[in-house]
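Observations on chain architecture
Residue-level listing of the chains:
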Amino acid sequence: MNNDDLEARIAAKAKKKKTRKAENRESSEQQQQQSKDDGEKKKKKSSKSNSSSGGVGGGAAKGSTLLEERIKAKQAAASNNGEATTPKKKKASKKQDEDDYDMDKKPKAKSRSTKEKKSALDRLDAKVAAKDDRKQQRYYQQQQEDKESKLRASATDISAAAHAAASNASTKSLDANANYGGEAEVVNEMREYEMTGKDKEVRYGYDDGEVVEDGEAYYPNVEADTDVMAEINQEGVVQVDEAGGIQAFVAETIAIDGDDVGIIRSDAEVEKEEKKKYTKFFMYAVGGLILVVVAIAVPLTLKFAKGNQKVQLNVITKEPTSFPSLMPSESPSSMPSSIRFMEIVEKLEPLSGDALKVQGSPQYKAAMWMADGDMMRLPLDNAGFEQRYIMALFYYAMDGPNWTEDNGWLSETSECYWFGIDGSSEGCGGERGGCIKRSDFVGDFDKVCRIAMGRLNNLYGSFPSELGALEEMRYVEIQDDWLVGTIPDALGTGWKKLHTFLVGGNVLGGGFPSTFAKNEMLGTLFIDRNRFNGTFPAVFSTLKSLEWLDAENNEFTGTVPDSIATLKNLRVLNLNNNSLTGYLPNLWDETNLIEDFEVSDNKFKGPLPSTLASAPFLKDFRASRNQLTGTIPVSYYKWENLEELYLDENKIGGELPQTNEPFYDGLQELSIHSNGFEGRFPVEWFEPTLRIKVLELHRNQMTGTITDNICERLDPDRSYTRLMNLTADCDLVSCECCTACYVKGQLQTAES
């Protein structure tokens, strides 16, 4: 509340009492007359006392009497006029202020209505100026001694004076002017306006070196420490106005020390404030501890949850009940992420279907990345938009965050340069990373043609069918990882240019898709060490360009069709360790390029295929642990390139040829144990060759002698030409150097 507001408030309250003042006019006139009489008496008495004492104290008393008389006279004049208004202090010009105010002496009081009052005020000013330095020192010494009692008594005295003034409805004026060391003393003036109830208000005015005119509205301008007042104002004890002054307030206890005024708070208030501080500190400490715990726990939880995850959803078996809530955008976008995401879902729905709406699915994550995470931010009508989405989908479907190597994935660069895509394969990549360079046609784009993740890169998940949309795919390699599920039919439909498909050493199951039929490019197919089952896929016989088929260690059943032998480009056929039955394919001819034919650990029966002898390039024939019968066809002995022959653990018999045949010249490994072979072992035809490494002859009915020439091959110093394994029925064949001897079909040990 500033000075003008306080003056307006006093004037308003005075107007309310106008009527009451008019009624009491008569009594006021009597009081005025009485006051004048009393003033004359006091004036005479003060003059005498002033003459006798000659001190400052007397001057102060007289000055006080004169001020009281002036105030009463002013009130009487107001009563005579029928008004109780408070005149405002007139503003003096700058020059007048400079003339009227002097730092070395007290400003002159304004003229009174009578010469007598003016003379009295002049005498008071003269006596105040006469104070000497001795009384100043004595005054300060007395103040220092009484400091302790003043601090306690000030508040009580002020409060009592205020209440007494309110009840007596009288006006008191206190003028105490002193000038110590050339400086004007503070003038304290207390007024009480006649009010009732809540309108009672006591004001204290402090002004340096200025006599306040009677009846003038005044508001204190007390200087206070800025930091202290800010703290007090914050605690709600006092209010500070716009000019920086203290507004009126009521305090239980205050302390006055010279020019400083402060509030003495009770012990209860201090204790309450301390409790607030400690409570705030405790809450901050607890909040900080919670933040630390959350910061540690959340990443660990996400890490372990991701490490223990085993299955990711790719196929939607039930339609969602409602559209999922949207994830927050990681970066600002040109349009709200929710709008872009919904537009992406609408665009890709023909490709991915309802899987886009299943929160947490690889399709959903890939679409969200395209909406908010992809810094490239392709427009939806860009020709390469769908391809980039499919590669992001592959990343999420295969648990990309846990890959051993994932350089470049989900970066702002083109997907053609991400790890596993970047590189070159036959007819693919090079100039444009792992992509086919776009043509000059408008709207064309660089097309992904390879996914070569290598071996043991910790991929885990199922093939998303959307990969089939990459029609330029040439090369795919993901081996010895954790691919699960089945191979989608869409891959066979879309990958018509695929020439290499390597997915060995995973956990894939089901059958091999028939949609790969008549693929004219597929030349290398590794599906070994998986869990494929069902009948042997007839689709293999339709792959005219097939050169290498490795399907060992699966669960295929049924027979192998003879048509497999019509694949003229087939060089390697590995069907080991399945559950295949029937007869071995028998449509081979001299145009076949077969080099490696392996069918061990199955349930094949019948004789060895005679037409196989027509395959001129055969080097490795393995048919161990089946149910084959008959004898080795004589035509087999014409093989000139045969290096390895494994026919052990069957029911084959007969006698090995006793003449020198091309069959013996290049043979390196011969395993025919556990069969029904008989006759003499033709050891003389094995002596000329220096390449023999394996001779397993035990559990047969053959006889003969193993010569020293053969035994010398066991010398470790021979290195490449060393004979590694030599076994025989030592009770039928004389052998002093066999690595394992069998007697009556039982392995002989050192103890036996």
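Below or above, wherever it landed, is the structure these notes cover.

Definitions and limits used
- Residues numbered from 1 in each chain as written.
- Predicted model: local features only at pLDDT ≥ 70, side-chain atom pairs only at ≥ 80, totals over all residues.
- Heavy atoms only, no water.
- Helix = DSSP H or I, 4+ residues; strand = E, 2+ residues; numbered from the N terminus.
- Buried < 20%, exposed > 50% of the residue type's maximum accessible area, 1.4 Å probe, protein only.
- Contact = heavy atoms within 4.5 Å.
- Areas by Shrake-Rupley, 256 points an atom, 1.4 Å probe, with all protein chains shown as cover.
- Polar contact = N/O pair within 3.5 Å; in protein donor to acceptor, adjacent residues only side chain to side chain.
- Expected span 1.5 Å × (residues − 1).
- Phe/Tyr/Trp six-rings, centres within 6.5 Å; stacked < 30°, edge-to-face > 60°.
- Lys NZ or Arg CZ within 6 Å of the ring centre and 35° of its normal.

**Considering the overall build of the protein chain**
Counting its regular elements, the protein chain contains 16 helices and 36 strands. In the protein chain, which comprises 752 residues, the share counted as buried stands at 41%. For the protein chain, the proportion of contacts with a sequence separation of at least 24, taken over those separated by at least 6, is 56%. Summed over all atoms, the accessible surface of the protein chain reaches about 41,400 Å², with 51% contributed by carbon and sulfur.

**A closer look at the side chain of Glu-472**
Tracing the backbone through its elements, the reader meets Glu-472 in the loop between β12 (460–462) and β13 (475–479). Residue Glu-472 is classed as buried on the basis of its relative accessible area of 16%. Within the structure, the side chain of Glu-472 is placed 2.4 Å from the side chain of Arg-474, a separation counted as a polar contact. With near-sequence residues (within four places) excluded, Glu-472 lies in contact with Ile-436, Lys-447, Val-448, Cys-449 and Lys-497.

**Topic: helix α13 (residues 385–397)**
Its 13 residues give α13 an end-to-end C-alpha distance of 18 Å, which sits within 8% of 18 Å, the value for a rise of 1.5 Å per residue. Extensive coverage of α13 is indicated by the burial of twelve of its 13 residues. Taken as a whole, α13 has its buried residues at Phe-385, Gln-387, Arg-388, Tyr-389, Ile-390, Met-391, Ala-392, Leu-393, Phe-394, Tyr-395, Tyr-396 and Ala-397. Phi for Asp-399, located one or two positions after α13, is positive at around 55 degrees.

**Quick word on helix α12 (residues 362–373)**
For α12, which comprises twelve residues, the first-to-last C-alpha distance of 15 Å sits more than 12% below the rise-based estimate of 16 Å (1.5 Å per residue). Among the twelve residues of α12, ten are classified as buried, and the element is accordingly described as predominantly covered. Listed in full, the buried residues belonging to α12 are Pro-362, Gln-363, Tyr-364, Ala-366, Ala-367, Met-368, Trp-369, Met-370, Ala-371 and Asp-372.

**Overview of the packing of aromatic side chains**
Applying the stated criterion across every chain yields a total of 27 aromatic pairs. For the ring pair Tyr-636 and Trp-639, a centre distance of 4.2 Å and an interplane angle of 25 degrees mean the geometry is stacked. Accessibility assignment for this pair places Tyr-636 and Trp-639 in one class, buried. Note on Phe-681 and Phe-686: the rings are 5.1 Å apart at their centroids and 15 degrees apart in plane angle, and the pair reads as stacked. Assigned by exposure class, Phe-681 and Phe-686 land together as buried. Members of the aromatic cluster, each reached through a chain of ring pairs, are Phe-463, Trp-495, Phe-501, Phe-512, Phe-516, Phe-532, Phe-536, Phe-540 and Phe-556. Of note, Lys-447 hangs over the ring of Phe-445, and the distance from its end group to the ring centre comes to 4.6 Å. When the ring centre of Tyr-720 is taken as origin, the NZ or CZ atom of Lys-693, which lies over that ring, is 4.1 Å away.

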